[in-house]
Amino acid sequence: MSDDGLSRRQYLSTVGGTAVTVSLAGCFGGGGGNGGDGSTEITAGTAPGFPPFEMKQDGELVGFDIDLLEAVVDETDYTLAGWEEFEFKSLIPALTNENIDVVAAGMTINDERDETIDFTDPYYSSNQAIVVREDGDFSPTSLSDLSGRAIGAQKGTTGESTIQSELIEPGNLDESNYNSYGNYVLAVEDLQNGNIDAVVIDEPVAQTFAAQRPVNIAFTYETGENFGFGVRDGDDEFTQALNDGLSTVRDGSTYQDLTNKWFGQQ
Ligand code: GLN
């Protein structure tokens, strides 16, 4: 929670390319870390390149997570000062270092992360999907078919954990066959280029890539993941406010409207 807007700006100017703040028009209040009306300013972090949850469109940060978190914060007494962008694996450190106050990045709630941070209530469910080139030369139907192939995922994700626990640890895939990327867009590009044969990625994001690029979902692997907003351990008042905001947004039409906007009618 920032109550020192100046130090945040100094942080931003000193780290240069590491983080980018996208300020929301009208949200910077009278300085001193309040939203102008006395509310506490918070900064959100995300990792674009995960469509339709977060991505850059004409230089602008957009997506389901962006709209949803903004709608949720609007229901609280907090003010969203802006967004900072990181690689996915840097989001939890950015949160614990207090560079950001909340993570909105399609982040799966799991025990390992729960040891370091807290999560809001879940706001979306997902399984993993195995994505291949659409030329049809390689059509795996189960994880064991990936044995001996070059596989990719984004660093620090549950897709990567699936590859580790289901393929590498049981000895079905040599570690050298796993390629990790800072961003899923780079993984999918390497798949398109033929440098790797499959990418393991959250199903709704796989569907978006399949709609936009010459790649297909070969099969899905059920993991029953739930996405939550990441918050700092101990920020209980803020977490409660987000959970209340989330339930208001879900009870009204906003959640459904945003689902329709970003995932099509469903
Ligand atoms: N849901 C996955 C995870 O939490 C992937 C998230 C992402 O790549 N943005 O690890």
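Data block above holds the structure.
Every value quoted in this text rests on a predicted model; they were computed, and no experiment measured them.

Student: Can you help me understand the nonpolar core in this one?
Tutor: Side chains of nonpolar character tend, in soluble globular proteins, to be buried together. Of all hydrophobic cores here, the largest spans 63 residues; its most connected members are Phe64, Leu68, Leu69, Val102, Ile201 and Phe229. Residue contributions to this core peak at seven residues, all from helix α2 (residues 64–74). Aside from chain neighbours lying at most four places away, what touches isoleucine 201 is Phe50, Asn127, Gln128, Ala129, Val131, Tyr184, Ala206 and Phe209. With 13 residues, the next largest nonpolar core counts Ala47, Phe88, Ala94 and Ile100 among its residues.

Student: Would you mind showing me how to read the sheet that holds strand β11 (residues 198–202) here?
Tutor: Across the sheet, five strands lie side by side as β10-β9-β11-β8-β12; this open sheet has mixed pairing. With one partner strand each, in any of the chains shown, β10 (178–181) and β12 (215–227) form the two edges of the open sheet. Averaged over all pairs of adjacent strands, the angle between strand axes in this sheet comes to 25 degrees, irrespective of strand direction.

Student: In this structure, what is going on with the site of the ligand? I would like to understand it.
Tutor: Close to the ligand lie 13 residues, the nearest being Gly106, Thr108, Arg113, Thr158 and Asp202. Residue glutamine 154 places a side-chain N or O atom 2.9 Å away from an oxygen atom belonging to the ligand. Measuring from an oxygen atom of the ligand, one finds a backbone N or O atom of threonine 158 at 2.8 Å. With the chains in place, 100% of the 300 Å² that the ligand exposes on its own is no longer accessible. For the shell around the ligand, the per-class residue count stands at six nonpolar, five polar and two charged.

Student: Help me out: how do you make sense of unusual backbone geometry in this one?
Tutor: Each neighbour pair has its own omega, and for proline 51 with proline 52 the value is 5 degrees, a cis peptide bond. Along the chain, proline 52 falls in the loop between β2 (41–46) and β3 (55–57). You will see that glutamate 98, though not glycine, has its phi angle at about 65 degrees, which is positive. Along the polypeptide, glutamate 98 turns up in the loop between α3 (91–96) and β6 (102–103). For glutamate 98, a relative accessible area of 47% gives the class partly exposed.

Student: How should the environment of arginine 149 be read in this particular structure?
Tutor: Mapped onto the secondary structure, arginine 149 falls in the loop between β8 (124–133) and β9 (151–154). Using a relative accessible area of 30% as the deciding quantity, one classes arginine 149 as partly exposed. Between the C-alpha atom of arginine 149 and that of tyrosine 178, which follows or precedes it by 29 residues, the distance is 8.5 Å.

Student: What is the right way to look at the packing of α2 against helix α8 (residues 236–251) in this model?
Tutor: Relative placement of two packed helices is described by the angle separating their axes and the distance separating the axes. The N-to-C vectors of α2 and α8 enclose an angle of 110 degrees; their axes lie 8 Å apart at closest approach. On the basis of their axis angle, the class for α2 and α8 is roughly perpendicular. For the pair α2 and α8, contact is made by Leu68, Leu69, Ala71, Val72 and Val73 and by Leu242, Gly245, Leu246 and Val249, respectively. Residue composition of the contact of α2 with α8, by class: eight nonpolar, one polar and no charged.

Student: Teacher, can you tell me more about the pattern of salt bridges here?
Tutor: Side chains that carry opposite charge are capable of pairing whenever their charged atoms lie near each other. Summed over all chains, the structure comprises eight salt bridges. The partner of arginine 232 in a salt bridge is aspartate 101, with the nearest N and O atoms 2.9 Å apart. Here arginine 232, found in strand β13 (residues 230–232), pairs with aspartate 101, found in the loop between α3 and β6; they are 131 residues apart in sequence, far enough to count as distant. Relative accessible area serves as the criterion here: at 0%, aspartate 101 is assigned to the buried category. Among the salt bridges present, the one from arginine 149 reaches aspartate 197, with a minimum N-O distance of 3.5 Å. Taken as a pair, arginine 149 in the loop between β8 and β9 and aspartate 197 in the loop between α6 (184–192) and β11 lie far apart in primary sequence, 48 residues in all. Several salt bridges share partner residues, and in doing so they unite Arg133, Asp135, Arg149 and Asp197 into one network.

Parameters at a glance
Residues numbered from 1 in each chain as written. Predicted model: local features only at pLDDT ≥ 70, side-chain atom pairs only at ≥ 80, totals over all residues. Heavy atoms only, no water. Core = buried A, V, L, I, M, F, W, Y, C linked by side-chain atoms within 4.5 Å. Buried < 20%, exposed > 50% of the residue type's maximum accessible area, 1.4 Å probe, protein only. Helix = DSSP H or I, 4+ residues; strand = E, 2+ residues; numbered from the N terminus. Contact = heavy atoms within 4.5 Å. Pairing = 2+ DSSP bridges. Axes fitted to C-alpha atoms, helices over the stretch in contact; angles between N-to-C directions. Near = heavy atom within 4 Å. Polar contact = N/O pair within 3.5 Å; in protein donor to acceptor, adjacent residues only side chain to side chain. Areas by Shrake-Rupley, 256 points an atom, 1.4 Å probe, with all protein chains shown as cover. Nonpolar A, V, L, I, M, F, W, Y, C, P; charged D, E, K, R; others polar. Parallel < 35°, antiparallel > 145°, perpendicular 65-115°, else oblique. Salt bridge = Lys/Arg side-chain N within 4 Å of Asp/Glu carboxyl O.

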